[in-house]
Amino acid sequence: MPKRSRLGQLAGLVAAGLVVCAPVAQAVEIQAPAPVIAQAAAVHEVPRQAPPGPVLDPAETDKANSQETKNKIIAGVAAAILLGLVVLGRRARSKKKKS
C-alpha cells in the first residue's frame, strides 16, 4: 500500500468528520423546544410510592451461605495442591541443576 501524504490524511479526516457530523447537525436543527404548558403540568403530579424490596427467606440465605462456604473450601484445597506441586517441581529442578 503506498504511503499517503500528510495533506491526503488530513483531507480524509476532514471528509470523515463531515460525513459523521452532518446528520447530527441536521437533527439539532429539526428539534423544536418543548412547550412550557407540559412542563408546568408535570409539577402538580403526585409522587408514587416505591415498590417494596425483595423478601429474603432465611432458609434460602442459609443454603446459599453454606454453598458459598463449600465452594471456597474446594477452591482453597485446589490452590494448596497446586502450590504444593509448584514447590515440589522447583525443588526437583534445583536438585537436578546442582548435579
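In this text the structure is predicted, and so the values were computed from the model without any measurement.

Procedures and definitions
- Each chain carries its own residue numbering, running from 1 in the written order of its sequence.
- Only residues with pLDDT of at least 70 are given local features in this predicted model, and only at 80 or more are side-chain atom pairs given and counted; all residues enter the totals for whole chains, interfaces and linings.
- Side-chain figures throughout are based on the complete set of non-hydrogen atoms in the structure, without hydrogens or water.
- Secondary structure elements are taken from DSSP: a helix is a run of H or I of four residues or more, a strand is a run of E of two residues or more, and numbering for both begins at the N terminus.
- Categorising residues by exposure relies on relative accessible area from a 1.4 Å probe, with only protein chains included: less than 20% of the type maximum marks a residue as buried, more than 50% marks it as exposed, and the intermediate range marks it as partly exposed.
- Each accessible area value is a Shrake-Rupley result obtained with a 1.4 Å probe; residue values ignore everything except the protein chains displayed when judging cover.
- Definition used for salt bridges: Asp or Glu carboxyl oxygen within 4 Å of a side-chain nitrogen of Lys or Arg.
- Confidence of the prediction at every residue is given by pLDDT, a number between 0 and 100.
- Patch membership is restricted to residues that have no salt bridge and whose relative accessible area is over 30%. Joining uses 9 Å for like charges and 5 Å for the nonpolar side chains Val, Leu, Ile, Met, Phe, Trp and Tyr.
- His residues and chain termini do not enter the charge count, which takes Lys and Arg as positive and Asp and Glu as negative.
- Every charge is mapped to an atom, namely NZ of Lys, CZ of Arg, CG of Asp or CD of Glu.

Participant: Looking at this model, I keep getting lost on the overall build of the protein chain. Mind explaining?
Facilitator: Counting its regular elements, the protein chain contains three helices and zero strands. Counting from the amino terminus, the protein chain carries its helices and strands in the arrangement α-α-α. For the protein chain, the proportion of its 99 residues judged to be buried stands at 0%. Surface summary for the protein chain: the accessible area is close to 10000 Å², and the carbon and sulfur share equals 67%.

Participant: Sorry if this is basic, but what is going on with the pattern of salt bridges here?
Facilitator: If charged atoms from side chains of opposite charge come close, those side chains can pair. Overall, the coordinates contain one salt bridge when judged by the stated rule. Of the charged contacts, one joins Lys72 and Glu68 as a salt bridge, the two residues approaching to 3.8 Å between their closest N and O atoms. With Lys72 and Glu68 both in helix α3 (residues 58-98) and four residues apart, the pair spans about one turn of that helix. Judged by its relative accessible area of 57%, Lys72 is exposed.

Participant: Teacher, can you tell me more about the confidence of the model for the protein chain here?
Facilitator: Predicted coordinates in areas of low pLDDT are best not read in detail. Counting all residues, the mean pLDDT for the protein chain is 78, and 67% of those residues have values of 70 or more. The least confident element of the protein chain is helix α2 (residues 36-43), whose mean pLDDT is 53; the most confident is α3, at 95.

Participant: Teacher, can you tell me more about a positive patch on the surface here?
Facilitator: Together, Arg90, Arg93, Lys96 and Lys97 make up a positively charged patch on the protein surface. Mapped onto the fold, Arg90 is located in helix α3. Classification of Arg90 by relative accessible area gives exposed; the value is 63%.

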